[in-house]
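A structural walkthrough
Residues per chain, in single letters:
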Amino acid sequence: MKDNLIIGRYIPGNSIMHRFDPRLKLVGLIVMMLLVFAATTLTTNVIMIVAVTSLVLMSGISLGVFLKGLRPMIAIIIFTVALQILFTHTGDVIWSWGFLALTTGGLMNAAYIFVRFLLIIFLSTILTLTTQPLAITDAMESLLKPVKNIIPVHEIALMLSIALRFVPTLLEEAEKIMNAQRARGVDFSEGNIIQRVKAFIPVLIPLFISAFNRAYDLATAMEARGYRGGEGRSKYRLLHWENIDTIGAIVLAILTVVMIVL
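Everything numeric here is computed off the predicted structure, so don't read it as measured data.

Remarks on the overall build of the protein chain
When helices and strands are counted, the protein chain shows 11 helices and two strands. Going residue by residue from the N terminus, the α and β elements of the protein chain occur as α-α-α-α-α-β-β-α-α-α-α-α-α. Dimensions along the principal axes, computed over C-alpha positions, put the protein chain at roughly 70 × 60 × 35 Å. Per-residue burial over the protein chain gives 33% buried out of 262 residues. Restricting the contact set of the protein chain to residue pairs at least 6 apart, pairs at least 24 apart contribute 70%. For the protein chain, the exposed area adds up to about 16,400 Å²; of that, 68% sits on carbon and sulfur atoms. Measuring between centres, the 22 positive side-chain charges of the protein chain sit 2 Å from its 16 negative side-chain charges.

Considering the environment of Glu172
Summarising the element assignment, Glu172 is placed in helix H8 (residues 153-183). Accessibility expressed as a relative area gives 31% for Glu172, which makes it partly exposed. Each C-alpha atom, one on Glu172 and one on Ile260, is 44 Å from the other, the two residues being 88 residues apart in sequence.

About the cut-offs
In every chain, residue numbers begin from 1 and rise along the written sequence. Only residues with pLDDT of at least 70 get local features here, since the model is predicted, and only at 80 or more are side-chain atom pairs given and counted; chain-wide, interface and lining totals rely on the full set of residues. As a convention, hydrogens and water are excluded, and side-chain values are obtained from all of the structure's heavy atoms. In this text, helices come from DSSP runs of H or I with a minimum length of four residues, and strands from runs of E with a minimum of two, each type numbered from the N-terminal end. Summary of the burial criterion: residues with accessible area below 20% of their type's maximum are buried, those above 50% are exposed, and those between are partly exposed, where the area comes from a 1.4 Å probe applied to protein chains only. Residue contacts are defined here by distance: any two heavy atoms, one from each residue, within 4.5 Å place the two residues in contact. Per-residue accessibility takes into account occlusion by the displayed protein chains alone, with areas from the Shrake-Rupley method and a 1.4 Å probe. For this count, His and the chain ends are skipped, Lys and Arg are scored as positive, and Asp and Glu as negative. Taken as the charge location is NZ of Lys, CZ of Arg, CG of Asp or CD of Glu.

Quick look at the structure:
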């Protein structure tokens, strides 16, 4: 379970994507996702596929690592694509049976949905694999500074940092509990869907208790060390905007303009 986890995992490196400022990567992720949803033609989808593929190559990380990020989403992707194929009745009819129909429009929509899922997962994976969790939270806090008087920016960034930090820990804890349950004769793969869900109840209860205990211990440790929020605090890691970030921002702006024109 832990080996297949991509969210929250950082792979050290010295690629171009690793050297980009995390603020640029956060803004770029949002813009690229909007462009993915805005791509409604074959030409714009091909452009986005080329752009995301270039980012994957620039990360210097094996494609197999990115494909691992698809595993938890395979069932949702297949289900959504199947709905588009069978229930979209536009274009020429290729095959039909009752209220189900296979049409050219349905196949085209299914292809677009599949590409969007793929590109969005790859984009989010690029961010987490090439950016340290603390850098992501620092970037978010820096970008939200203009509205710090309206929303608690530092607290939101702190919660994100803690969540990213403890996702692998909780999954490791869940794996230990499941192994202990298997040693006592529990089989998580037998029976129908209801029986499988019931089999996970002995895992969820101790996992929730462990999570609350960790949260309590963390809060106690922070208070014992004098943590009082972000007001007046200095930072050990400072964000620096380099020339490579300016070039990346220009390329992102050009891509956005091209997509809007097309």
